[in-house]
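In case you want the letters, here they are:
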Amino acid sequence: MNPEQIQHEKQAIVERFGEWTAHNIYLASGVYTIGNQIVGDEVKLRRITQLVVDIAKKPLQELRVLDLACLEGLYGMELARHGAEVVGIEGREANLAKAQFTKKVLDLDHLTLIQDDVRNLNVEQHGYFDVVLCLGILYHLEVPDIFLFLEHLSQVCQGFAVIDTHVSVVAERSHTHNGNTYWGASYQEHAPESNLDERAQDLWASLDNVTSFWFTRPSLYNILSHLGFTSIYECHYPSEVGKPSDRITLLAIKGQPQPLHSAPLMADQSIPPLPELSNPPIQSGLQPPIHEAPSHKFSMRSLMQRLKVLLNG
């Protein structure tokens, strides 16, 4: 397809599903899904791509990658362009249509796109993956779905997972799962009186749940360890200018617990959970407040303002 044909087909997508909201993908000379500018997600793309390349134990051409709630497909497409076999799962038709269009333009045979709810993830249907990308989806889920989702993520992951998510800075609400207690807070996804059609139109919120549960940082580390991730790291570089302080990028590795030959007394010592946040939990029986989740557009605006300052010296 030449640039004119690409622009024509892109316009048809826009007229039916609206403009691209975040993933500015280079399609051809002078043609992008959004425009010839840095929109914001390119910064995270650099971080995620570098992290995967640095941590993978084999060439990207030998990796099977899962991109959960892939939105318009940027991250999975980048790894597919490096040769990885990628499966992207996205719940909204509008997002998937844009990703399908880009896949066609770029002729990405290594990319498979599926419209489905990520809460339906399972080994039987989707198989196993060397790398699982969980970017911008975890904090849109509510209890108990968030626990089941993380269990299934762990089951399909045979190498490592990259999790980019908001975390709660307060411990206001707790839930027990498999005998372990996890803390976090509630955040508003949709107006309580909204219907399913209205929720489906909100591309930057959950598919259907009105509220979501944000783990505190310690609780998120703890549940990942309980699900079999033996090493968990927080990525700070490549940096993300303007990244909110309550948003983190984690690398969680599925490994085997190792014996310590030089310290046999540790053999019977389990790894203690990380202590919870220092602020006192709410009193039992009180209703925790519902917080309004930060706007993605606000975060991107802040990001662009800081980028302009850096680029202009």
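Residues numbered from 1 in each chain as written. Predicted model: local features only at pLDDT ≥ 70, side-chain atom pairs only at ≥ 80, totals over all residues. Heavy atoms only, no water.

Draft legend 1. View of the overall build of the protein chain. Within the protein chain one finds nine helices and 13 strands. With 313 residues in all, the protein chain has 50% of them scored as buried. In the form shown here, the protein chain has an accessible surface area of approximately 16,000 Å², with 51% of it arising from carbon and sulfur atoms. (Helix = DSSP H or I, 4+ residues; strand = E, 2+ residues; numbered from the N terminus. Buried < 20%, exposed > 50% of the residue type's maximum accessible area, 1.4 Å probe, protein only. Areas by Shrake-Rupley, 256 points an atom, 1.4 Å probe, with all protein chains shown as cover.)

Draft legend 2. Here's a closer look at the environment of Phe17. Tracing the chain through its elements places Phe17 in helix 1 (residues 3-17). Along the sequence, Phe17 and Asn95 sit 78 residues apart, while their C-alpha atoms lie 8.1 Å from each other. In this structure, Phe17 is in contact with Glu93, Ala94, Ala97 and Lys98, ignoring residues within four places of it in sequence. (Contact = heavy atoms within 4.5 Å.)

Draft legend 3. Seen up close, the packing of aromatic side chains. Here the structure, examined in full by the defined rule, presents eight aromatic pairs. Relative to Phe215, the ring of Tyr182 has its centre 6.2 Å away and its plane inclined at 90 degrees; by these criteria the two rings are edge-to-face. In this pair, Tyr182 sits in strand 9 (residues 180-188) while Phe215 sits in strand 10 (residues 211-215), placing the two residues 33 residues apart along the sequence. Taken individually, Tyr182 and Phe215 each receive the classification buried, so the pair is uniform in this respect. With a centroid separation of 3.7 Å and an interplanar angle of 15 degrees, the aromatic rings of Tyr187 and Trp214 are classed as stacked. On the criterion of sequence distance, the pair formed by Tyr187 in strand 9 and Trp214 in strand 10 is long-range, its members being 27 residues apart. Of the two residues examined, Tyr187 and Trp214, each falls in the buried class. By the ring-pair criterion, three or more aromatic residues cluster together here, those being Phe147, Tyr182, Phe213 and Phe215. (Phe/Tyr/Trp six-rings, centres within 6.5 Å; stacked < 30°, edge-to-face > 60°.)

Draft legend 4. Quick look at the sheet that holds strand 12 (residues 247-254). Pairing is mixed across the open sheet formed by seven strands, whose spatial order is 5-4-3-6-7-12-11. Of all strands in the sheet, those bounded by a partner on one side alone are strand 5 (111-115) and strand 11 (229-234). Ignoring strand direction, the axes of neighbouring strands in this sheet form an average angle of 15 degrees. As paired elements, strand 7 (residues 157-166) and strand 12 share seven bridges and run antiparallel to each other. Each bridged residue has a counterpart across the sheet, and for Asp164 the counterpart in strand 12 is Thr249. (Pairing = 2+ DSSP bridges. Axes fitted to C-alpha atoms, helices over the stretch in contact; angles between N-to-C directions.)

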